[in-house]
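Read off the chains here:
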Amino acid sequence: MEKLKTLMDKWWFRLIILAGFALLYFILSFSLSPNNENAKYANDGVLTVLSALLVYPAIIVMYFTTDILDNLHLQIGKFVRKVLLLVSLGVFFLTLALVGFTYLFAVNDGKIMQPFYDGIGLAPFMTYAFLYFFVVRKFEVIDKNKTPDRLYQFILIILGCLAPAIIGMLFIWILSSINDATVTFIALLAFMALIVLPFVFSIRKYGLFLGGLKEYERDKPVYTPSSSSNSTSGEWENKFVSKIETYAYGTYTTVTCRAFLYNSVMEVNATIDFYGTNNVSIRAQRINEIKNDIHRAYKEVAKNCPYSSKLFIEVK
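Caption draft 1: Representation of the overall build of the chain within the structure. Per the secondary structure count, the chain includes nine helices and three strands. Its helices and strands taken in sequence order, the chain reads α-α-α-α-α-α-α-α-β-β-α-β from the N to the C terminus. A buried classification covers 45% of the 316 residues belonging to the chain. Relative to all contacts within the chain whose residues are 6 or more apart in sequence, the contacts with residues 24 or more apart total 78%. Carbon together with sulfur atoms contributes 62% to the accessible area of the chain, which is approximately 16300 Å² in total.

Caption draft 2: Looking closely at the sheet that holds strand β2 (residues 265-274). The mixed open sheet is built from three strands, whose spatial order is β1-β2-β3. Edge positions in the open sheet fall to β1 (253-262) and β3 (308-315), since each of these has one partner strand only. Within the sheet, the average angular offset between the axes of one strand and its neighbour, ignoring direction, is 15°. Pairing between β1 and β2: 10 bridges, direction antiparallel. Each residue of the ladder has a partner; that of A259, found in β2, is V268. Docked against the sheet, helix α8 (residues 235-247) engages β1, β2 and β3, running at close to 165° with respect to β1. The strands that helix α9 (residues 280-302) touches are β1, β2 and β3; relative to β3, the one it contacts most, it runs at about 165°.

Caption draft 3: Highlighting the pattern of salt bridges. Evaluated as defined, the whole model comprises four salt bridges. One salt bridge in this structure joins R286 and E289, with 3.3 Å as the shortest N-O distance. Placement of both R286 and E289 in helix α9 is noted, with a separation of three residues, approximately one turn of the helix. According to the relative accessible area criterion, E289 is partly exposed, its value standing at 36%.

Caption draft 4: Unusual backbone geometry, seen in detail. You will see that N179, though not glycine, has its phi angle at about 55°, which is positive. In this structure, N179 sits in the loop between α6 (150-178) and α7 (181-206).

Caption draft 5: Representation of the packing of α8 against α9 within the structure. Close contact between α8 and α9 brings their axes to 9 Å; oriented N to C, the two are set at 150°. Judged by the inter-axis angle, α8 sits roughly antiparallel to α9. Viewed along their axes, α8 and α9 form a crossing whose handedness is right-handed. Contacts between α8 and α9 pair W236, K239, F240, K243, I244 and Y247 from the former with D293, I294, R296, A297, Y298, E300, V301 and A302 from the latter.

Parameters at a glance
- Residues numbered from 1 in each chain as written.
- Predicted model: local features only at pLDDT ≥ 70, side-chain atom pairs only at ≥ 80, totals over all residues.
- Heavy atoms only, no water.
- Helix = DSSP H or I, 4+ residues; strand = E, 2+ residues; numbered from the N terminus.
- Buried < 20%, exposed > 50% of the residue type's maximum accessible area, 1.4 Å probe, protein only.
- Contact = heavy atoms within 4.5 Å.
- Areas by Shrake-Rupley, 256 points an atom, 1.4 Å probe, with all protein chains shown as cover.
- Pairing = 2+ DSSP bridges.
- Axes fitted to C-alpha atoms, helices over the stretch in contact; angles between N-to-C directions.
- Salt bridge = Lys/Arg side-chain N within 4 Å of Asp/Glu carboxyl O.
- Parallel < 35°, antiparallel > 145°, perpendicular 65-115°, else oblique.
- Left-handed = near helix turned anticlockwise from the far one by under 90°.

Next comes the structure, spelled out in structure tokens:
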């Protein structure tokens, strides 16, 4: 386990995992292509081949521009990162629209569905949405004493690459068993809508560029602890404190905030004191809600702050 965690700390190992699955689905998409010229297939290879050929490279680019670039601390401009990510998202949605609706109307015309082959074709779309929503943003290092759980990240990446193929196969198998054109059409439309929902939720809550908080740190000075720090009552310190303490409050909740400027890097420390209940489940849920409020308040100020900024949250 320790060796696996050590490997997962290496950015190239995480990228190799995704590239390996991309190669696997690429091989399967071509080797399993139906060759019965007399059969009228809803997916004669277009869905599966194009999703493997286009969506998996888009997944790798998306992951590279977020988790990997953050890990490498490369001085790549924000404009370049935005272009890379927008190209990745563009390829994803264009492929989904192109092959998704082609497949949808072919099925509606009564053409044959193939659970195994079609399921593989749907898998990359689910993988992209899964990784976009769950993996990258979950590994923001918010607490200064915490590091990403690389074993958990490994499990999520493997799950995100394997589970969609299984889900896709079962989904198509169920629809082919029902054998009802109306039900199939509605189910496929709902499936495409569900794939889009993770993007809507993530962008609304965390911003377009996957996680939000990391985006403010790149292209700005890297934080280096220094014994010579100056606490000031400057404009931006007050903005952080005022915004967070005003925004993040509630019944039985106190949030105190302090902001310091260290060598042109703003450190924002928020302390949560929730004394409403000792029920572990309710307490954890409420604290998580308060943390989300703090993150949102912090982001509103940080995106305009001329200094690089770091947010740390402590719970009493």
